[in-house]
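Here are the chains, one letter per residue:
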Amino acid sequence: MNIILRGLKNMSLNDFFSMGGYAVYVWSAYGISFIVLFLNIILAIRNEYKTLNEIKKRLQNNKK
Amino acid sequence: MYKWIHQFGSPKYFYDISVRLSKWIAIVCAISFIGGLYGGLVLAPADYQQGDSFRIIYLHVPAAWMSLFVYLVIAFSGAVSLIWHIKITDIIARASAPIGASFTFLALVTGAIWGKPMWGTYWVWDARLTSELILLFLYLGYIALQSAFSDKRIAARAGAILVLIGVINIPIIHYSVEWWSTLHQGPTISKLDKPSIHLTMLIPLLLMVLAFKTFYITTLLIRARSEILEYEYNSSWVKKYVIK
């Protein structure tokens, strides 16, 4: 399955995932980074919704 | 010019602009992430000394750069808000802290993971690593300070002072690899005239740097927006905005 080019040479998917024997290190680094960045976005968005809802509630209470 | 600064400093103006901008910046971020990852993990050839383990550089270097950059943003905003009492710089500083702490954490963790196969150890107490760890503690201290005060203005002032004292750490981190002997390798691309890295490896790295930078701006804008709403919840434009 030579679908991926590395440099100018063909590379198999297996080569890609094995990372020349450094798979554990490379993929764990990428995995952790992905999780941390993903959490950053999710928490920021959730925070915005939470604040909006709180202010909405506060305003509605004031009206009553 | 002064008018522009004043306008930009107004929370409502900042809020409106941030709503319009953040979408586009997020798109640039996604594209450069995809391009950088494809270039870095697939296209770039393996390093002749480090093999494929060098690919961690595409996370490590952008994260480390951004950990310093975000800190400088917080310090600069802190100085501005100490001198001119501008609300928006308080908000930028506070919203930046968790993102900067994340970048610092990532720089340390990816560095440790990279260090194991290359140096034979996850951690050494040398200047570069130790000063970066101190940076993480500065971030955490700043975040803790922010939640320690119920008055946001006092929290912002205390945080600004802490961060400005901690600025001394930034040049120490930057020059640590030149001042002290260390396991950490020297700079990879700061020598602009003759970078010690090949183009097929350099371009993905620059893309990843752009991706991390736009990621920071996107999350900063989202976080700043909720901070602004909290600060300004009594003003008429927030009421209008929330109700509609």
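This structure is a prediction, so every number in the text was calculated from the model and none was measured. (Residues numbered from 1 in each chain as written. Chains lettered and ligands numbered in written order. Predicted model: local features only at pLDDT ≥ 70, side-chain atom pairs only at ≥ 80, totals over all residues.)

Enquirer: Would you mind showing me how to read the nonpolar core here?
Expert: One broad rule of soluble globular proteins: the nonpolar side chains tend to lie buried together. Counting residues in hydrophobic clusters, the biggest one holds 67 residues, and the most contacted among them are A:Ala29, B:Ile56, B:Ala63, B:Val70, B:Ile74 and B:Phe212. Listed by contribution, the elements that provide at least two residues to this core are helix H2 (23-63) of chain A together with helix H2 (11-43), helix H3 (57-84), helix H4 (87-119), helix H5 (127-148), helix H6 (152-166) and helix H8 (199-231) of chain B. The dominant element in this core, judged by the number of residues it contributes, is H8(B), at 15 residues. For B:Phe212, the contacting residues outside a window of four places in its chain are B:Pro62, B:Ala63 and B:Met66. (Core = buried A, V, L, I, M, F, W, Y, C linked by C-beta atoms within 7 Å. Buried ≥ 20, exposed ≤ 12 C-beta atoms within 10 Å, placed from the backbone. Helix = DSSP H or I, 4+ residues; strand = E, 2+ residues; numbered from the N terminus. Contact = placed C-beta atoms within 7 Å.)

Enquirer: Could you clarify how one ought to interpret the confidence of the model for chain B in this entry?
Expert: Parts of the prediction with low pLDDT should not have their coordinates interpreted in detail. Residues at a pLDDT of 70 or more form 91% of chain B, whose mean pLDDT is 86. Model confidence for the complex: the whole-complex pTM is 0.88, and ipTM, which rates the interface, is 0.84. (pLDDT = per-residue confidence, 0-100.)

Enquirer: Sorry if this is basic, but what is going on with the packing of H3(B) against H4(B) here?
Expert: Two packed helices can be described by the angle between their axes and the distance between those axes. Residues and elements named next belong to chain B. The N-to-C vectors of H3 and H4 enclose an angle of 155°; their axes lie 7 Å apart at closest approach. In terms of axis orientation, H3 runs roughly antiparallel to H4. You can see that H3 and H4 cross each other, and the crossing is left-handed. The class makeup of the residues in the contact of H3 with H4 is 17 nonpolar, 11 polar and 1 charged. (Axes fitted to C-alpha atoms, helices over the stretch in contact; angles between N-to-C directions. Parallel < 35°, antiparallel > 145°, perpendicular 65-115°, else oblique. Left-handed = near helix turned anticlockwise from the far one by under 90°. Nonpolar A, V, L, I, M, F, W, Y, C, P; charged D, E, K, R; others polar.)

Enquirer: It is not clear to me how the interface of chain A and chain B should be interpreted in this structure. Could you clarify?
Expert: When the parts of a complex come together, some accessible area is lost, and that lost area is often taken as the interface size. Counting residues at the interface gives 29 residues for chain A and 33 residues for chain B. Those elements that place two or more of their residues in the side of chain A that touches chain B are strand E1 (4-6) and H2 of chain A. Among the elements that take part in the side of chain A that touches chain B, H2(A) stands out by supplying 21 residues, more than any other. Residue composition of the side of chain A that touches chain B, by class: 18 nonpolar, 7 polar and 4 charged.

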